[in-house]
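Spelled out, the chains give:
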Amino acid sequence: ERFQMNQELLNTLVQEGNSQQLFRRYRAAGSLPYGAFGEILWETQLTEMAELAQKVRAERQSGNSLEVSLDLDGTRLEGWLSDVQADGLLRWRPSILNPAHGLQLWIEHVVWCALGGDGESRLYGRDSTEWKFPALDVKQAKSYLQQLIDGYRKGLVQPLLLLPMSGGAWIKACYEPANDAILWDEQTQQKAKSKLLAAWEGNQRVEGEGADMWLQRLYRTLEPDYYEAIIREAERYLLPLFRFNKA
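Remember, it's a predicted structure, so these values are computed and weren't measured experimentally. (Residues numbered from 1 in each chain as written. Predicted model: local features only at pLDDT ≥ 70, side-chain atom pairs only at ≥ 80, totals over all residues. Heavy atoms only, no water.)

K.L.:
Where do I start with the overall build of the chain in this structure?
P.N.:
Across its full length, the chain holds nine helices and seven strands. Judged by the C-alpha coordinates and their principal axes, the chain covers about 55 × 45 × 35 Å. Across the chain, the fraction of contacts at a sequence separation of at least 24, relative to all contacts at a separation of at least 6, is 65%. In the structure as shown, the chain presents an accessible area of about 14200 Å², 48% of it carried by carbon and sulfur atoms. (Helix = DSSP H or I, 4+ residues; strand = E, 2+ residues; numbered from the N terminus. Contact = heavy atoms within 4.5 Å. Areas by Shrake-Rupley, 256 points an atom, 1.4 Å probe, with all protein chains shown as cover.)

K.L.:
How should unusual backbone geometry be read in this particular structure?
P.N.:
Most peptide bonds adopt trans geometry, and most residues besides glycine take a negative phi value. Even without glycine at this site, D127 takes up a positive phi of about 55 degrees. In this structure, D127 sits in the loop between β4 (120-124) and β5 (130-133). Unusually for a residue other than glycine, S128 sits at a positive phi of about 60 degrees. Within the fold, S128 resides in the loop between β4 and β5.

K.L.:
Help me out: how do you make sense of the environment of W80 in this one?
P.N.:
Mapped onto the secondary structure, W80 falls in strand β2 (residues 75-85). For W80, a relative accessible area of 60% puts it in the exposed group. Placed 32 residues apart in sequence, W80 and W112 show a C-alpha to C-alpha distance of 10.0 Å. Aside from chain neighbours lying at most four places away, what touches W80 is S65, L66, E67 and V68. (Buried < 20%, exposed > 50% of the residue type's maximum accessible area, 1.4 Å probe, protein only.)

K.L.:
Mind showing me how you'd approach the nonpolar core here?
P.N.:
Soluble globular proteins tend to pack their nonpolar side chains together in the buried interior. Ranked by size, the top nonpolar core spans 49 residues in total, and within it W106, W131, L136, L145, W170 and I171 carry the most contacts. Among the elements of the structure, β1 (64-72), β2, α4 (99-114), β5, α5 (138-157), α6 (164-174), α7 (186-201) and α9 (224-244) are those that each provide at least two residues to this core. Here this core takes eleven residues from α9, the largest share from any one element. Those residues within four positions of W170 in sequence are excluded, and the remaining contacts are I182, W184, Q189, A192, K193, L196, I231 and A234. Counting residues in each nonpolar core, the second largest holds 19 residues, with L22, Y26, L32 and L90 among its members. (Core = buried A, V, L, I, M, F, W, Y, C linked by side-chain atoms within 4.5 Å.)

K.L.:
Looking at this structure, I do not really get the layout of surface pockets. What am I missing?
P.N.:
A probe as big as a water molecule, rolled over the atoms, marks out the empty space that is left. Space inside the largest pocket adds up to approximately 560 Å³. Together, 20 residues line the largest pocket, and N98, P99, M165, A199 and V206 are the ones closest to its centre. Mapped onto the lining of the largest pocket, the elements with two or more residues apiece are β5, α6 and α7. With four residues, α6 is the largest single contributor of residues to the lining of the largest pocket. Quantified by volume, the second largest pocket comes out at close to 190 Å³. Around the second largest pocket, the lining residues are K154, Q158, P159, L160, L161, Y219, Y226, A229, R232 and E233. Counting residues per element, the lining of the second largest pocket draws most heavily on α9, which supplies four residues. (1 Å grid on protein atoms, 1.4 Å probe; cavity = no way out; pocket = protein on both sides within 12 Å on 5 of 7 lines; lining within 4 Å. Points joined across faces, edges and corners; volume = space filled by probe spheres on them.)

K.L.:
Looking at this structure, how should I read the sheet that holds β2?
P.N.:
Either a parallel or an antiparallel arrangement is found when strands of a sheet pair, and the pairing is made through backbone hydrogen bonds. Read across the open sheet, the five strands follow the order β1-β2-β3-β4-β5; overall the sheet is mixed. Strand pairing shows two members of the sheet lacking a second neighbour, β1 and β5, which therefore form its edges. Neighbour-to-neighbour, the strand axes of this sheet turn through a mean angle of 25 degrees, independent of strand direction. Bridge count for β4 against β5 is four bridges, and the pairing is antiparallel. (Pairing = 2+ DSSP bridges. Axes fitted to C-alpha atoms, helices over the stretch in contact; angles between N-to-C directions.)

K.L.:
What exactly am I supposed to notice about α7 here?
P.N.:
For an α-helix, the turn length of 3.6 residues means that residues three or four places apart are oriented alike. Here α7 spans 22 Å end to end across 16 residues, near enough to the 22 Å set by a 1.5 Å rise per residue. Burial in α7 covers these residues: T188, Q189, A192, L196 and W200. Down the axis of α7, the sector holding all buried residues measures 110 degrees, keeping them to one side. The outward face of α7, more than 90 degrees from its buried face, is lined by the exposed residues E186, Q187, Q190 and E201. Where α7 is buried, its residues contact α6, β7 (181-182), α8 (213-218) and α9. The positive-phi residue at the C-terminal boundary of α7 is G202, with phi of around 75 degrees. (Expected span 1.5 Å × (residues − 1). Arc of directions from axis to C-beta.)

K.L.:
Which parts of the structure should I look at to understand a nonpolar patch on the surface?
P.N.:
Residues Y152, L156 and V157 make up a contiguous nonpolar surface patch of about 400 Å² in total accessible area. Positionally, Y152 belongs in helix α5. (Patch = residues over 30% accessible without salt bridge, like charges linked within 9 Å, V, L, I, M, F, W, Y side chains within 5 Å. Salt bridge = Lys/Arg side-chain N within 4 Å of Asp/Glu carboxyl O.)

K.L.:
Would you mind going over the packing of aromatic side chains with me for this structure?
P.N.:
Given two aromatic rings, their pairing is described by the distance between the two centres and the angle made by the two planes. Going through the model one piece at a time under the given rule, you end up with ten aromatic pairs. The interplanar angle of 40 degrees and the centroid separation of 6.2 Å between the aromatic rings of W131 and F133 together place this pair among those described as tilted. Just as W131 is buried, F133 falls in that class too. Centre to centre, the rings of W170 and W184 are 5.7 Å apart; their planes meet at 50 degrees, and the pair counts as tilted. Residue W170 is found in helix α6, and its partner W184 is found in the loop between β7 and α7; the two are separated by 14 residues along the sequence. One aromatic cluster is present, formed by W106, W131, F133, Y144, F242 and F244 through successive ring pairs. It is R25 that lies over the ring of Y26; its NZ or CZ is 5.5 Å from the centre. (Phe/Tyr/Trp six-rings, centres within 6.5 Å; stacked < 30°, edge-to-face > 60°. Lys NZ or Arg CZ within 6 Å of the ring centre and 35° of its normal.)

Below, the structure written as structure tokens:
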């Protein structure tokens, strides 16, 4: 409920709407703590969302929905991309961004570039977190999109151990952007696997990715074979996010 409130507040601020009217509605609905505590909570959220909204408004232009119709190695991909600006895709979210959010933007980005789109795709979140991808040429975009489609098909047969949080933590610990290379030495990999495990298990403040009920049904504990599968899928599907991210 808090996320939904922040999402609506952020959208209102981006569109320069009436945030006080929104506050009165949430207070009347009982969605805020009573009295002064509710006002303090709202003002705190308002301050935080206003900073993010200002960043979004500075880059926002009028956008249009773009029809998607692509043939990729015998697969027909059809649908719509919403809010496509002349300079690219602009997205925002009232939370601290993680690799799962980056993957969502990446999928939209490669579709847009495969259609011949030019410019950046950007996603802005709380605490100055962001994902930003530069334009790809059509051939390169279609190659990455085909990779994602192949992964989708593979996942229909057997669940993919594609874990954005855990796999992303591994990449962040061992990927060297300056050389565009994963460091495979024992010391680095030991540290990277520790980061992966920490993201899977979580701690007292943050729930781990392994707490997901669907993952629990498939993988109660991380066996050695699972480590290798997580790393393999992270390298295949998540590495491009970190390779092209210009944020």
